[in-house]
Structures are given as structure tokens and as C-alpha cells.
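# Survey of secondary and tertiary structure
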Amino acid sequence: MREVAPTQGRETYDAPRGLSSETREAGCDGFVAPRAARSQSGDPAEPGGAPGALRTALRRLPCRPVSEASPPGIDKAAGKIQAMFSRIAPRYDLLNRLLSGGTDVAWRKEAARLLAPLPGEVHLDLCSGTGDLALAVSRLAGGRARVVAADFTFEMLAIGQAKFRRRGFPIPEAGADGLRLPFPDATFDGATAAFGVRNFEDLDRGLRELCRVLRPGGRLVVLEFTPEPTGPFAPFVRFHVRTLVPLLGRIVSRDGSAYQYLPDSVGRWPAPAALSERMRSAGFATVDVQLLSFGIAAAHVARKGAP
Ligand SMILES: C[S@@+](CC[C@H](N)C(=O)[O-])C[C@H]1O[C@@H](n2cnc3c(N)ncnc32)[C@H](O)[C@@H]1O
């Protein structure tokens, strides 16, 4: 295992198996070195500075064959998704807290608990965005498990990077497309993805990639909204998601389309049983579902089988 970097000048941080400490030619298979490693060499990946190599790498993502079409009815082309998240990045955390009344924090905590990171393990938080789930996993493990935060939107990662630094967590970031993960097979003991895989242009391919980078027996926790919440609060939840979220989202983020995309994409999203089936088809041996907050969201806990 190669050493990646002393983080914030205090600890030595080992690279997850198969991860390089050097910035390679980025693009479809580019792993971008953690910023802590880069900042040592005077790279502008410092607070307030633009992580230049990361930005360049992410601009070059994605490089997909044109045949990978978005699901019918909603455009999930990677460029559109990236552009949308880069626009809303500055207000993403604020809107999360506002629109969920803080419940999103509890959901991520629960996802981390379900992952159950053990000391010495290496975990991937894919679609990490501004890094809240990566932080929850790291925190739960008392900093003794290593977490890599990966995403393909520079502006989201940049906010996460500043947050990790402020809170003193040595979490390296990777510019990575979930449909072509730049990690070798069986790199991670576990993986998480919160509110991310719903944006994939090709969900099955993304799930297969997540399975591929897990070691046999490795686990995955996918946290997502459910398309049709049931129970006594269902009408209120529907009103909230279909009417209030786009309205408040438009006012606060000043982006008309991004928060309309949320109910649109959730409405077309597979129900937990169907998503579980897709996860099994992608190679996971078992999938268990835990409904959260009266079924507004669901945590899907999957385990990769032995070879
Ligand atoms: C709704 S945000 C979720 C962020 C974070 N996981 C959270 O819980 O707040 C979705 C994130 O998924 C990322 N994403 C979507 N499609 C992706 C892909 N194909 N590869 C990598 N990241 C992707 C977006 O850039 C965005 O940061």
C-alpha cells in the first residue's frame, strides 16, 4: 500500500488498495490525487484556490459513447447533471436542511450506521457531492476507517473539500464518473451513495461498477427517495415534494429547473423492491431495505457475494 499524504500536517494517510497517490492523466479512468497530497507541492488546491487539476480532470469527464441514452422522459445526460449540480452547489447544503427540516442529516447518519465501517477498512462514498455522508462514515468510525469521496461535479467536491478541512477529517476526493469508476476491482470494503445513483444515465451500469470495486463480502448502502411514499403522511409528503420543493428550491437556489428535476426524477424512480432487484441483477448477493421517515426515503443495504 502506498502512502498518500500527511493530512493537515498531522497524520499519515494510506491510500486505499490500488489507489495511486499521483495524479494520473485524468478522464474516463482518471483518479485525481487527494488535495492534501497535492497541496504539498504548491498546487492551488488550497482553501480559496481552485483545485486546478481536479477542475481540469472533471471538465474532461464524461467520455461516454453516445449510445448510452437517458431513460425515457427525463434527460440524465452526464453533462446536464454536472451542469445542474455545479449551479446549485453553493446553496445545496442550505436547501437540504431547509427542505428536509434537517431530516437528511439523520438519514445519512443511519446510512453510515448501516454500512457499519470497521477500523482499518476503506470505503467509497460515490456521488459524494458536498461530502456529508463521507463525513458521517468517517465520524462513525472515529476516523479509523478510510473514506474516499468521489463525484464528477467539481463545484460540489470543492465545497466538500473545504468542509473536510474545516472539520479536520482527512478525506481524499476523487473526480470520478460513477459509470466508469477509476478504481481496480475489489478496492473497497464498503461503499455508499446518497441521492446519487438516481442521476445515473445508466443505473444498471453504475450498480455493476459499484459491485466491481467492492471486495467479495463488501457492502453497499444506497440511500434514495422512494417514488410513492405510503402511510398516513403520504398526501403531505406528495405536496411537499411536488409543490413546495420546486417552489422553495427555485427561490433559494435561483434555479428554476434543478428543484423541478428532483420530484420529476423521484417520480420515475424504481420503488425499493424494484431497485433491490436491479441491485441483485448487478451482482449483489443480498439486498435489504430499510424505509426511513414513513417511507419518504429508503436505505438499500447490499452485500457482494463470495466469488
Ligand atoms: C443530490 S447530490 C447528492 C450528494 C450527497 N451524496 C448528499 O447526500 O448530499 C447528487 C450528486 O451525485 C453526483 N453524480 C451524479 N451522477 C454522477 C456520476 N455519473 N458520477 C459521479 N457523480 C455523479 C452529482 O454530481 C451530485 O454531486
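Residues numbered from 1 in each chain as written. Predicted model: local features only at pLDDT ≥ 70, side-chain atom pairs only at ≥ 80, totals over all residues.

### With respect to the nonpolar core
Counting 58 residues, the largest nonpolar core has Ala111, Val137, Ala191, Leu210, Leu220, Val221 and Leu223 as the members making the most contacts within it. It is strand E7 (residues 214–225) that provides the largest number of residues to this core, a total of six residues. (Core = buried A, V, L, I, M, F, W, Y, C linked by C-beta atoms within 7 Å. Buried ≥ 20, exposed ≤ 12 C-beta atoms within 10 Å, placed from the backbone. Helix = DSSP H or I, 4+ residues; strand = E, 2+ residues; numbered from the N terminus.)

### A few points about the confidence of the model for the protein
Summarising the model, the protein shows a mean pLDDT of 80, and 77% of its residues fall at 70 or more. Considering only residues more than four positions removed or in separate chains, one finds that residues 1–71, a stretch of pLDDT under 50, has 133 contacts. (pLDDT = per-residue confidence, 0-100. Contact = placed C-beta atoms within 7 Å.)

### Here's the deal with the sheet that holds strand E8 (residues 284–292)
One open sheet accounts for seven strands, arranged E5-E4-E3-E6-E7-E9-E8; its pairing is mixed. With partners counted over all chains shown, the strands left at the sheet margins are strand E5 (173–175) and E8, one partner each. Sheet twist, expressed as the mean angle between neighbouring strand axes with direction ignored, is 20°. One ladder, built from three bridges, connects strand E4 (residues 146–151) with E5; its direction is parallel. Directly across from alanine 149, in E5, lies its bridge partner glutamate 173. Lying on the sheet, helix H7 (residues 203–213) is in contact with strand E3 (122–126), strand E6 (188–194), E7, E8 and strand E9 (297–304); it crosses E7 at an angle near 140°. (Pairing = 2+ DSSP bridges. Axes fitted to C-alpha atoms, helices over the stretch in contact; angles between N-to-C directions.)

### Describing the site of the ligand
Around the ligand, a shell composed of 21 residues is seen, among which Cys127, Gly129, Thr153, Gly178 and Ala194 lie nearest. Ranked by residue count, the leading element in the shell around the ligand is helix H3 (residues 78–100), at three residues. Here the shell around the ligand is composed, by residue class, of eleven nonpolar, seven polar and three charged. (Near = placed C-beta within 6 Å. Nonpolar A, V, L, I, M, F, W, Y, C, P; charged D, E, K, R; others polar.)

### Observations regarding helix H6 (residues 154–167)
A rise of 1.5 Å per residue sets the reference length of H6, with its 14 residues, at 20 Å; its end C-alpha atoms lie 20 Å apart and thus fit the reference within 8%. Every buried residue of H6 is accounted for by Phe154, Glu155, Met156, Leu157, Ala158, Gly160, Gln161 and Phe164. Trailing H6 by a residue or two, glycine 168 shows a phi angle of about 75°, which is positive. (Expected span 1.5 Å × (residues − 1).)

### What about the packing of H7 against helix H10 (residues 272–281)?
Remark: H7 packs on H10, axes separated minimally by 9 Å, with the N-to-C direction vectors making an angle of 55°. The pairing of H7 with H10 is recorded here as oblique in orientation. Classified by chirality, the crossing of H10 by H7 is right-handed. Residue-level inspection shows Leu203, Asp204 and Leu207 of H7 in contact with H10, the latter providing Arg278, Met279 and Ser281. (Parallel < 35°, antiparallel > 145°, perpendicular 65-115°, else oblique. Left-handed = near helix turned anticlockwise from the far one by under 90°.)

### A closer look at the pairing of E3
In terms of residue burial, E3 counts as a mostly covered element, since five of its five residues are buried. Neither face of E3 is exposed, since Val122, Leu124 and Leu126 on one face and His123 and Asp125 on the opposite face are all buried. Alignment of E3 against E4, held across five bridges, turns out to be parallel. Opposite leucine 126, over in E4, you have alanine 150 as the bridge partner.

### Some details on unusual backbone geometry
With phi around 55°, alanine 116 is a residue other than glycine that occupies positive phi space. Locating alanine 116 in the fold gives a position in the loop between helix H4 (103–115) and E3. In this structure alanine 116 comes out as partly exposed when scored by C-beta crowding, with 15 C-beta atoms within 10 Å. The phi angle at phenylalanine 195 is positive, at roughly 55°, despite the residue not being glycine. Tracing the backbone shows phenylalanine 195 in the loop between E6 and H7.

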